[in-house]
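A look at the structure
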Amino acid sequence: DTGVSQDPRHKITKRGQNVTFRCDPISEHNRLYWYRQTLGQGPEFLTYFQNEAQLEKSRLLSDRFSAERPKGSFSTLEIQRTEQGDSAMYLCASSPDTLLDSPLHFGNGTRLTVT
Amino acid sequence: EDQVTQSPEALRLQEGESSSLNCSYTVSGLRGLFWYRQDPGKGPEFLFTLYSAGEEKEKERLKATLTKKESFLHITAPKPEDSATYLCAVQGIGTASKLTFGTGTRLQVML
């Protein structure tokens, strides 16, 4: 079990630049999630994929955010025209679709700092 | 909208000093309540799932219990390696595995 892998671990960017993060889920997991966590807060749901289909997006996900999972395997999260308020830890999680209440397995996140 | 409130925000214990963390929740139909542990700079690590009032789960020094409105994470004779942030999350019926998290309890266990 290699776990959920996220790349990069850290990203520092200037305001207005675009950034892209990658997530590789556990291989047999069909469900993939993106969450955002700021300091002292719990993770907040951003979006959810079942295989390659994006089934749910949070109201937190502005038009500057886009996520893809083109072949139902890895996923990317892109933030365009970054703002200082985007600074956070971006967490990816995956779960099997055998049960609706399967626990989520999280990666160690990408920490984004917007200067 | 689902809501989760955790208390206390922070807790400092001496090694061996047992205590409990609280998670109060409101959800329109509970599918599951989850406890996670998070170490600094890491993603949350799954501990337990509870489904119905009266249920209990145990793992080493941790025991999680569930009522209709809250869950408790009991820590018995903690060790310094139990120091972490403990997160509670709920999944409502019809939310396709989406979790709503609380803000966590930061636990520090001193020697």
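Up top you'll find the structure we're talking about.
Here we summarise the structure given alongside this text.

How each quantity is defined
- Residues numbered from 1 in each chain as written.
- Chains lettered and ligands numbered in written order.
- Predicted model: local features only at pLDDT ≥ 70, side-chain atom pairs only at ≥ 80, totals over all residues.
- Heavy atoms only, no water.
- Helix = DSSP H or I, 4+ residues; strand = E, 2+ residues; numbered from the N terminus.
- Rg over C-alpha atoms; globule rule 2.2 N^0.38 Å.
- Buried < 20%, exposed > 50% of the residue type's maximum accessible area, 1.4 Å probe, protein only.
- Contact = heavy atoms within 4.5 Å.
- Areas by Shrake-Rupley, 256 points an atom, 1.4 Å probe, with all protein chains shown as cover.
- Lys, Arg positive; Asp, Glu negative; His and termini not counted.
- Charge placed at Lys NZ, Arg CZ, Asp CG, Glu CD.
- Salt bridge = Lys/Arg side-chain N within 4 Å of Asp/Glu carboxyl O.
- Buried area = accessible area lost by both parts, 1.4 Å probe.
- Polar contact = N/O pair within 3.5 Å; in protein donor to acceptor, adjacent residues only side chain to side chain.

A separate point is the overall build of chain A. Broken down by element type, chain A carries zero helices and 11 strands. For chain A, the N- to C-terminal ordering of α and β elements is β-β-β-β-β-β-β-β-β-β-β. A compact globule built from 115 residues should have a C-alpha radius of gyration of about 13 Å, and chain A, at 13 Å, falls within 12% of that. For chain A, the spread of C-alpha atoms along the three principal axes comes to 40 × 25 × 25 Å. Counting every position in chain A, which comprises 115 residues, the buried fraction comes to 46%. When contacts within chain A are restricted to residue pairs at least 6 apart in sequence, long-range pairs at least 24 apart make up 53% of them. About 5900 Å² of surface is accessible on chain A, with carbon and sulfur atoms providing 44% of the total. The centroid of the 14 positive side-chain charges in chain A is displaced by 8 Å from the centroid of its 14 negative side-chain charges.

All right, on to the pattern of salt bridges then. For the coordinates displayed, the defined rule picks out nine salt bridges over all chains. The salt bridge involving Asp86(A) is made with Arg64(A); its shortest N-O contact spans 2.9 Å. Here the residue Asp86(A) occupies a position in the loop between strand 8 (75–79) and strand 9 (88–95), and Arg64(A) occupies one in the loop between strand 6 (53–57) and strand 7 (65–68), the gap between them amounting to 22 residues. By the burial criterion, Asp86(A) is buried, and Arg64(A) matches it. Note that Arg37(B) is salt-bridged to Asp39(B), the shortest N-O span being 3.0 Å. The class of Asp39(B) is partly exposed, set by a relative accessible area of 25%. One salt-bridge network, held together by shared partners, links Arg64(A), Glu83(A) and Asp86(A).

With that out of the way, let us pick up the environment of Glu15(B). Residue and element names in this part refer to chain B. Considering the arrangement of structural elements, one finds Glu15 in the loop between strand 2 (10–14) and strand 3 (19–26). Separated by 37 residues in the primary sequence, Glu15 and Ser52 have C-alpha atoms spaced 32 Å apart. Discounting chain neighbours no more than four positions away, the residues touching Glu15 are Pro78, Lys79, Pro80, Val109, Met110 and Leu111.

Moving on to the interface of chain A and chain B. At the junction of the two partners, chain A supplies 22 residues and chain B supplies 21 residues. Summing the contributions of chain A and of chain B, the shared interface buries around 1800 Å²; its carbon and sulfur component is 55%. For the salt bridge of Arg59(A) with Glu1(B), the shortest nitrogen-to-oxygen distance reads 3.7 Å. Connecting chain A to chain B are five residue pairs in polar contact (both at pLDDT 80 or more). When contributions to the side of chain A that touches chain B are tallied by element, the ones reaching two or more residues are strand 4 (31–37), strand 5 (44–50) and strand 9 of chain A.

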